Amino acid sequence: MLDTLGNLKRTHYAGALRATDADRDVVLMGWVHRRRDLGQLIFIDLRDRTGIAQIVFNKEQHPEAHAKAEHLRSEYVVAVEGRVVKRQKANPEIPTGEVEVIATRLHILNNSKTPPFPIEDEVNATEETRLRYRYLDLRRPKLHANVELRHRIVLETRKTLDELGFFEIETPMLTRSTPEGARDYLVPSRVHHGRFYALPQSPQIFKQILMISGMDRYFQIVKCFRDEDLRADRQPEFTQVDLEMSFPTQDAIFDVIERVMERACAVAGVNVQRPFRHLDYKEVLRRYGSDKPDLRFGMELHNVTEFFAAARETLHIEGNVQAVVAPGAAAWSRKQIDELAEAAKSAGAKSVYTVKVTGDGISSSLEKTLGADALKKMCDAVSANPGDVVVAVTSKDQIPHSDTSLNVAGQVRLYLGNKLNLIDRGRWEFAWITGFALFEWSETEKQWVSAQHPFTGIVEEDLDKLDTAPWECRSKGYDLVLNGYELGSGSIRIHRQDVQARMFKALGLTDEQARQRFGFLLDALTYGAPPHGGIALGVDRIVMLLAGEKSLREVIAFPKTTAAQDLMADSPSPVDPAQLDELGIAIKETQRE
Ligand code: ASP
């Protein structure tokens with residue numbers, strides 16, 4: 001028999017009780033976290049959003065409540081009336097450990113099946129089970145804390161941007177394609193058969209139009225949708241802090257974001273130094289082998305191609321050879337070195353060479369091919385010391401106009417930084433990356449494509465090269481990076497219609513195609529568009545880093561798997577044939593490979 005809530009009101013949260021509450025009469029409500037039956041006494045840990053309180057049912061003092069408590073099981077929902085008393089022996093493990101509640105009445109509000117995994121932070125359940133029973137998974141204190149942290153960060157961001165004069169303005173979800181380099185999620189129209197809305201990959205065009213509308217400063221905490229092959233740190237729908245400003249200098253935008261990040265970090269107890277450093281794209285690629293460098297440790301890359309000059313043919317070397325110095329790795333076992341080589345190969349290395357430096361000299365399988373002299377010179381050039389291992393790599397893939405060996409070495413650097421414990425987890429190294437190229441070559445499309453999106457501004461002096469040498473055009477784009485992650489990217493935009501039209505042409509669009517896809521923007525740009533620029537930051541990533549989590553799924557209430565599925569709601573799912581009919585859609589029987 002279940003009780004009803006009736007007019008019963010909660011007086012306290014379970015996790016809030018302290019010694020100062022002793023002798024108070026309280027009403028608590030929540031879930032049975034654990035139950036111990038000692039015969040005369042039954043103990044339950046009662047859990048709510050704030051924590052756990054110990055409840056005692058005493059057979060002698062309150063026989064009725066005690067008898068009812070015998071029926072309790074894990075995750076039953078209860079209301080307990082009782083009196084707070086000081087415990088004889090405090091439990092220092094929990095914040096409420098100095099007190100317990102002597103129950104006078106128990107209301108059993110609902111029962112529960114035995115959950116498939118215990119509601120505890122250390123769960124053994126597979127992620128699939130956790131996601132299938134997400135409502136139970138979300139009961140875990142750690143996920144509660146992550147959800148709360150996310151709320152506080154978003155709230156603080158809204159406050160900060162409001163104080164800086166930004167308006168939060170909603171933009172449509174049912175819209176048309178906004179190119180951000182991914183596939184669109186399409187929504188068929190019932191009213192207009194054969195036509196589709198696209199879910200926004202970002203509010204990019206709308207926010208630019210808001211600037212043309214004179215809104216001056218816009219922001220939005222907004223969902224974006226990108227249908228791409230998922231990687232561990234991507235979700236098909238994700239949240240951005242999106243913003244745009246009129247008449248901005250690059251520094252003005254940076255200043256806004258630095259303030260936003262400073263306050264968001266403070267919410268998580270992380271102190272941030274403003275202003276953030278500025279680094280050039282080519283420079284970070286050369287030094288760290290990444291456009292989102294982890295600046296919490298050194299281990300910079302060295303181009304050692306020259307030392308391999310004599311042996312290029314023998315060693316079948318293509319492209320450059322990049323090296324990093326792994327401090328202390330001379331003590332590594334054969335197995336550890338093999339694992340390193342394995343990691344480098346899966347990062348795209350064609351060859352991995354290691355040179356061990358010890359007090360007795362240098363040892364490497366390269367000695368035969370390069371000669372001891374050249375090896376010694378290389379070790380001196382990269383400042384390797386006894387105890388170190390020099391790790392040199394070449395890349396398997398060679399791509400025109402880019403040095404792929406840098407990316408491979410960059411990943412080897414990260415691998416070594418982790419393995420050798422060189423990363424100071426207490427450091428928060430923000431940096432702005434600027435100096436990006438406007439275009440990158442797409443092998444699949446055999447065409448120059450936007451490195452960011454086609455609305456990114458062009459450095460004025462490079463305008464003339466737009467039609468003749470696009471690869472030389474520099475962009476007005478920038479990225480914000482933190483500890484090896486890209487937090488967001490943005491740019492000063494193109495605000496002249498003629499330049500935007502030339503840009504579309506450079507991207508291989510005919511006038512007709514440009515008009516058909518972006519005519520409304522091209523038109524809007526002819527009616528007094530102010531210079532403008534902005535940025536979007538990834539909320540999920542920011543919260544993930546500040547929560548100290550490794551997966552985005554730990555900071556999103558209802559995330560999707562890497563196969564883009566919601567295992568709890570079971571989506572995507574088949575639909576009723578009648579619905580398809582209404583939409584004028586027939587499903588092709590395709591052969592699934
Ligand atoms: N729309 C861009 C993005 O989603 C950000 C921007 O340029 O403001 O990455």
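What you see is a predicted model; the values in this text were computed from it and never measured.

**Let's talk about the pairing of strand β17 (residues 430-434)**
Logical step 1: For β17, a buried count of five out of five residues is recorded, marking the element as mostly surrounded by other parts of the structure.
Logical step 2: A two-sided burial pattern is seen for β17, the buried positions comprising F430, W432 and T434 on one face and A431 and I433 on the other.
Logical step 3: As paired elements, strand β11 (residues 277-280) and β17 share four bridges and run parallel to each other. Residue L279 lies in a different strand from β17, and its bridge partner there is I433.
Logical step 4: Here five bridges tie β17 to strand β20 (residues 477-482), and the two strands are oriented antiparallel to one another. Bridge pairing in β20 links T434 to Y478.

**What to know about the sheet that holds strand β21 (residues 485-492)**
Logical step 1: Pairing within the open sheet is mixed, and its eight strands lie in the order β6-β9-β10-β22-β21-β20-β17-β11. Looking along the sheet, the strands with just one partner apiece sit at the ends: β6 (167-168) and β11.
Logical step 2: Direction of pairing for β20 relative to β21: antiparallel, over a ladder of six bridges. Counted as the bridge partner of L480 is G488 from β21.
Logical step 3: Relative to the sheet, helix α4 (residues 141-163) contacts β6, β9 (217-225) and β10 (237-246), its axis offset from that of β9 by approximately 150°.
Logical step 4: Packing of helix α6 (residues 250-267) onto the sheet brings it into contact with β10, β11, β17, β20, β21 and β22 (532-538), and relative to β17 it is tilted by some 155°.

**Quick notes on the nonpolar core**
Logical step 1: Of all hydrophobic cores here, the largest spans 39 residues; its most connected members are M261, F430 and L480.
Logical step 2: No other element matches α6, which puts eight residues into this core.
Logical step 3: What M261 contacts, discounting residues up to four positions off in sequence, is F276, F430, L480, L487, L537 and I542.

Calculation criteria
- Numbering of residues begins from 1 in every chain and follows the order in which that chain's sequence is written.
- Thresholds applied to this predicted model are a pLDDT of at least 70 for local features of residues and 80 or more for the giving and counting of side-chain atom pairs; totals over whole chains, interfaces and linings are not thresholded and use all residues.
- Side-chain numbers here rest on the full set of heavy atoms in the structure, without hydrogens or water.
- Each residue is assigned to one of three classes by its accessible area relative to the maximum for its type, calculated with a 1.4 Å probe on protein chains only: buried under 20%, partly exposed between the two thresholds, exposed over 50%.
- A run of H or I in DSSP counts as a helix once it spans at least four residues, and a run of E counts as a strand once it spans at least two, with each numbered from the N terminus.
- Should DSSP find at least two bridges between two strands, the strands are regarded as paired.
- The contact criterion used throughout is that any non-hydrogen atoms of two residues lie within 4.5 Å.
- Only C-alpha atoms enter the line fits that serve as axes; for helices the fit covers just the stretch in contact. Angles between N-to-C directions range over 0 to 180 degrees.
- Nonpolar core, defined: a set of buried Ala, Val, Leu, Ile, Met, Phe, Trp, Tyr and Cys residues in which side-chain atoms within 4.5 Å join the residues together.

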